[in-house]
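# Coordinates in review
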Amino acid sequence: MMQAPLPPAYSQLSDEQTHERIRRAKQALGERVVILGHHYQRDEIIQHADYRGDSYKLARDATRHPEAEFIVFCGVHFMAETADILTPYHQKVILPNMSAGCSMADMANIYQVRACWRELTALFPADSMVPVTYMNSAANLKAFCGERSGAVCTSSNARAILEWAFRQGERVLFFPDQHLGRNTGIAMGIDPDSEMVVWDPELPLGGNTEEAVRRAKLILWKGHCSVHMRFTRAQIEAARKTYPGIKVVVHPECRREVVEAADCNGSTEYIIKVVRESPPGTQWAVGTEINLVHRLAAEHPDKFIMCLDPIVCPCSTMYRIHPSYLCWAMENLMQGNVVNQVRVPENIAHWARVALDRMIGVTESARRAEAVASATATG
Ligand code: 13P
Ligand code: SF4
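Only a predicted model underlies this, so the values are computations on that prediction, with no experimental measurement involved.

It is worth spelling out unusual backbone geometry at this point. A negative phi holds for most residues other than glycine; trans holds for most peptide bonds. Going from F175 to P176, the amide bond is cis rather than trans, its omega being -5 degrees. Its location among the elements puts P176 in the loop between β7 (171-175) and α9 (178-187). In this structure, L205 is a non-glycine residue whose phi angle is positive, near 50 degrees. Structurally, L205 is set in the loop between β8 (196-199) and α10 (210-215).

In structure tokens, the structure reads:
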């Protein structure tokens, strides 16, 4: 999506002036505004956030302040759409820079997914298949899943959602991230060689033989995150050689061999938790976006924390939320001009909400069951 250039007055402000004006606008708006910040946002943005989190947590946090008129989402477009879908109509979700998208989310569009579904339903009854979309997708793909008895998942609940999906049907179409799908499927015991196929939307039958598709339980869309594709097994080996005893934690958007070689993997919220709960002196190599890794290192000076990739680069679209844009958006809100509102049309929002509500229902009941199991084990 396009973002109009900022009025020059904003780019001419010093950093200090920009932050001071954000603070003033926030104070003036008071309870009328809530600022959410994804963990990949730079510190200069995170300092203004009322809530920070992974994509699941932020989707839930967005619903905590029904009194707020504005939810300013410092993250990427699909996150802002989700916040809009889950909140009442009177709340307006603002994305400070409309060009903050997600290159992975762009790897699947509704026409391609519909075409894939048509090919699959020519082979199998529609009610034997369950579509599951990663949160990192456009609202119309979430709606596609909602309308076809499917659901959304995030990196923090992919396993619970896939387990749920396999209770609903025999096959799952998972998009757009093949790696999260594959890593989760492997953890559940699904054979990646004989029970999974990768679906290339550019090719007939996704580039597979009919026999392979008929055998597959998990059909993985050919999509990926270019930030997480940078991490390799060789980097893990090098880190272990240089820092004996170092622990490796990666995001499940990394490829299979990286996830398998790591000590553990999980969502951004999970990565923060394992690092926080580790004893002082623990060494960590982290395979995820660099702003989060730097913040972890700063917040845990008693631990050694490094990025797995020596040539680190941020998620370029998350990075588009620059403080100048936040300042511009907040001051406009203060002056009564609603800029950069993300509003999902109700016909799409309705079915997308169905898919998101399924995700939330399944996740919360899985978390309750886990809490009961761990209380029973410890008590
Ligand atoms: P999390 O839900 O783990 O924060 O992931 C979002 C994301 O975009 C990772 O690349
Ligand atoms: Fe999208 Fe990857 Fe950036 Fe996450 S890190 S927002 S998946 S491009």
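This paragraph deals with the sheet that holds β8. The five strands lie next to each other as β6-β5-β7-β9-β8, forming an open sheet whose pairing is parallel. Among the strands making up the open sheet, the edge pair consists of β6 (151-153) and β8. In this sheet, neighbouring strand axes are inclined to one another by 25 degrees on average, regardless of whether the strands run parallel or antiparallel. The sheet strands contacting helix α6 (residues 110-123) are β5 (129-134), β7, β8 and β9 (218-221), and the helix crosses β5 at an angle near 160 degrees.

Turning our attention to the site of ligand 1. Taken together, H38, Y40, D54, S55, N136, S155, H228, H251, E253, S267 and T268 are the residues near ligand 1. Taking H38, its side chain carries an N or O atom lying 2.6 Å from an oxygen atom of ligand 1. Within the side chain of S155, a nitrogen or oxygen atom sits 2.7 Å from an oxygen atom of ligand 1. Relative to its unbound accessible surface of 300 Å², ligand 1 loses 96% to contact with the protein. Its residues assigned to classes, the shell around ligand 1 shows one nonpolar, eight polar and two charged.

A large share of helix α5 (residues 77-86) lies buried, amounting to 10 of its 10 residues. Within the sequence span of α5, burial applies to H77, F78, M79, A80, E81, T82, A83, D84, I85 and L86. Next to the buried residues of α5 lie β1 (33-38), α4 (55-61), β3 (70-74), β4 (92-94), α7 (139-147) and α16 (346-378).

One can find T82 in helix α5. The buried category is assigned to T82, whose relative accessible area is 2%. In terms of polar contacts, T82 uses its side chain to reach the backbone carbonyl oxygen of F78, at 2.8 Å. If we skip the residues at most four places from it in the chain, T82 touches A59, M135, K142 and L356.

It is possible for side chains bearing opposite charge to pair when their charged atoms get close. Counting across every chain of the model gives 22 salt bridges. The salt bridge involving E69 is made with R32; its shortest N-O contact spans 2.9 Å. Placement of E69 in the loop between α4 and β3 and of R32 in the loop between α2 (15-29) and β1 is noted, with a sequence separation of 37 residues between them. Accessibility expressed as a relative area gives 29% for E69, which makes it partly exposed. For R32, a relative accessible area of 34% puts it in the partly exposed group.

Let us look at the environment of E44. Take E44: it is sitting in helix α3 (residues 43-46). For E44, the contacting residues outside a window of four places in its chain are H19 and P323.

Now for the site of ligand 2. The environment of ligand 2 is made up of Y40, C102, S103, M104, N136, C225, V227, E253 and C315. Here the residues of the shell around ligand 2 sort into six nonpolar, two polar and one charged.

With respect to burial, strand β12 (residues 283-287) is a largely interior element, four of its five residues being buried. Two elements, strand β10 (residues 247-250) and β12, share four bridges in a ladder whose sense is parallel. Looking across to β12, one finds that V248 is bridged to A285.

Another aspect to go through is the packing of α5 against α16. Contact pair α5 / α16: the axes reach a minimum separation of 9 Å and the direction vectors enclose 95 degrees. By the angle between their directions, the pair α5 and α16 is classed as roughly perpendicular. Here α5 contributes T82, I85 and L86 to the contact with α16, which in turn contributes A349, A352, R353, L356, D357 and I360.

In total, this model carries four aromatic pairs according to the counting rule given. Taken together, a centroid distance of 6.4 Å and an interplanar angle of 70 degrees make the contact between F144 and F175 edge-to-face. Remark: F175 occurs in strand β7 and F144 occurs in helix α7; sequence separation between them is 31 residues. One aromatic cluster is present, built from ring pairs that chain together W117, F144, F175 and W221. One residue, R42, lies across the ring of Y319, its end atom 3.7 Å from the ring centre. The aromatic ring of F124 is capped on one face by R171, whose charged end is 3.6 Å from the ring centroid.

Rules and cut-offs
Residues numbered from 1 in each chain as written. Chains lettered and ligands numbered in written order. Predicted model: local features only at pLDDT ≥ 70, side-chain atom pairs only at ≥ 80, totals over all residues. Heavy atoms only, no water. Helix = DSSP H or I, 4+ residues; strand = E, 2+ residues; numbered from the N terminus. Pairing = 2+ DSSP bridges. Axes fitted to C-alpha atoms, helices over the stretch in contact; angles between N-to-C directions. Contact = heavy atoms within 4.5 Å. Near = heavy atom within 4 Å. Polar contact = N/O pair within 3.5 Å; in protein donor to acceptor, adjacent residues only side chain to side chain. Areas by Shrake-Rupley, 256 points an atom, 1.4 Å probe, with all protein chains shown as cover. Nonpolar A, V, L, I, M, F, W, Y, C, P; charged D, E, K, R; others polar. Buried < 20%, exposed > 50% of the residue type's maximum accessible area, 1.4 Å probe, protein only. Salt bridge = Lys/Arg side-chain N within 4 Å of Asp/Glu carboxyl O. Parallel < 35°, antiparallel > 145°, perpendicular 65-115°, else oblique. Phe/Tyr/Trp six-rings, centres within 6.5 Å; stacked < 30°, edge-to-face > 60°. Lys NZ or Arg CZ within 6 Å of the ring centre and 35° of its normal.

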